[in-house]
Amino acid sequence: MGGGGFTMEPANPLLDDFVLSLARRPEPRILFLPTASGDTTAQINAFMQRFASRTCVAEHLSLFRLREARAPLREIVLEQDVVYVGGGSMRNLLAIWRAHELESLLIEAWRAGVVLAGLSAGAMCWFQAGITRSSGPPEPLAGLGLLDGSLSVHADGEPERLPVWLRQIREGRLPGGWALDDGVGLLFRGHRLARVVSSRPGAGAERADAVGGELVRRRIEPELLGDGGAGPAPGEDEAVLELRHVNKLRRELGRRRP
């Protein structure tokens, strides 16, 4: 998610409910990792306020206070259905994860079917690279590389990130990727982009690539969640809906080509 969720939209649960809907069990276990913010109490409280009343088992894990954890790190991570990573400093997030060897556990969990989610730094970390403001000015930073490409967040809320991201792609220093407005999320199944969704009318995304030394940009209109959204109706198979959506995108792209 480029931004949004419980830390940015306290009155709008659409993205967070969408994340829960992806879990494999009807009453999923969801773990919040507030590492990027330094495990601040404000983020943890906001997470619990959003998820404690929902049909799920919600908990958080502080790597700064790991001695207080109820079980070994590996056991906690691998028993989850969803791992949700908060925003903050991407640089600090990755450094602390690596110090605890958490990144390998998260990849193991993902391969076992655990949903990996996050916003801002918690979204960029899964990609080859992102545009961080951990040190102040926007700058590129390598991520875990679980997903191909680059990601830039807060495209509408922090527009100063966007020109840095586009320049880095045009110069070949970053791979092509996506820029997301606040409230917009990308859903990947494996390494394949399956859906682009939004909790806010008017919010959008774009794809940018360097082709022959030229920058090629394409705006993406997301599916609006909620009353105007494209969530599966009762009895409908989500995989079928995703296939319909992909075919629709292909037809639209075909019409745009000269």
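As shown above, the structure is provided for reference.
Here's a quick rundown of the structure.

The rules we used
- The residue count restarts for each chain, going from 1 along the sequence in the order it is written.
- In keeping with the model being predicted, local features are shown solely for residues with a pLDDT of at least 70 and side-chain atom pairs are shown and tallied solely at 80 or more, while totals for entire chains, interfaces and linings include all residues.
- For side-chain calculations, the full set of non-hydrogen atoms in the structure is used, while hydrogens and water are omitted.
- Helix and strand assignments come from DSSP, with helices taken as H or I runs of at least 4 residues and strands as E runs of at least 2, each series counted from the N terminus.
- Buried means the residue's accessible area, taken with a 1.4 Å probe over protein chains only, is under 20% of the maximum for its type, while exposed means over 50%, and partly exposed covers the values in between.
- Method for areas: the Shrake-Rupley scheme with a 1.4 Å probe, in which residue coverage is limited to the protein chains shown.
- In this description, strands pair whenever DSSP reports at least two bridges between them.
- Axis angles are defined between N-to-C directions and span 0 to 180 degrees, where every axis is a line fitted to C-alpha atoms and, for a helix, only to the segment in contact.
- By nonpolar core we mean a set of buried residues, namely Ala, Val, Leu, Ile, Met, Phe, Trp, Tyr and Cys, connected to one another through side-chain atoms within 4.5 Å.
- The contact rule is simple, with two residues in contact once any of their heavy atoms fall within 4.5 Å.

**Points about the overall build of the protein**
Here is step 1: Of regular secondary structure, the protein possesses eight helices and 13 strands.
Here is step 2: Relative to its full complement of 258 residues, the protein shows a buried share of 50%.
Here is step 3: Total accessible area on the protein is roughly 12,100 Å²; 51% of this is exposed by carbon and sulfur atoms.

**What about the sheet that holds strand β4 (residues 115-118)?**
Here is step 1: Spatially, four strands are ordered β2-β1-β3-β4 in an open sheet, and the strand pairing comes out parallel. For this open sheet the edge positions go to β2 (57-60) and β4, each flanked by a neighbour on one side alone. With strand direction ignored, the average angle separating the axes of adjacent strands in the sheet is 20°.
Here is step 2: Of the pairings in the sheet, the one linking strand β3 (residues 82-85) to β4 comprises four bridges and is parallel in character. Residue pairing for β4: Val85 is matched across the bridge by Gly118.

**So, helix α7 (residues 161-170)**
Since the α-helix packs 3.6 residues into each turn, any two residues three or four apart lie on the same face.
Here is step 1: The buried fraction of α7 is high, at seven of 10 residues.
Here is step 2: Those residues of α7 lying buried are Arg161, Leu162, Val164, Trp165, Leu166, Gln168 and Ile169.
Here is step 3: One or two steps after α7, the chain reaches Gly172, where phi turns positive at roughly 80°.

**Observations regarding the nonpolar core**
Soluble, globular proteins show a tendency: their nonpolar side chains are buried together.
Here is step 1: Formed by 43 residues in total, the largest nonpolar core has its most connected members in Leu33, Trp97, Leu102, Leu106, Trp126 and Leu151.
Here is step 2: Considering every element that reaches this core, the biggest residue donor is helix α4 (residues 90-99), with five residues.
Here is step 3: Not counting residues up to four positions away in its chain, the partners in contact with Trp97 are Leu33, Thr35, Leu63, Val85, Leu102, Glu103, Leu106, Cys125, Trp126 and Leu144.
Here is step 4: In this structure, Phe32, Tyr84, Leu119 and Leu187 belong to the second largest nonpolar core, which totals 23 residues.

**Thoughts on the sheet that holds strand β8 (residues 177-180)**
Here is step 1: One open sheet holds the six strands; their spatial order is β6-β5-β7-β8-β11-β12, and the pairing between them is mixed. Each of the sheet's edge strands pairs with one partner strand only, and the pair in question is β6 (139-142) and β12 (214-220). When strand polarity is set aside, the average angle formed by the axes of neighbouring strands in this sheet is 25°.
Here is step 2: Alignment of strand β5 (residues 127-132) against strand β7 (residues 147-152), held across three bridges, turns out to be parallel. Across the sheet, the residue bridging to Phe127 is Leu147, located in β7.
Here is step 3: Running at roughly 15° to β6, α4 makes contact with β5 and β6 of the sheet.
Here is step 4: Contacting β5, β6, β7, β8, β11 (205-211) and β12, α7 crosses the sheet at an angle of about 30° to β11.

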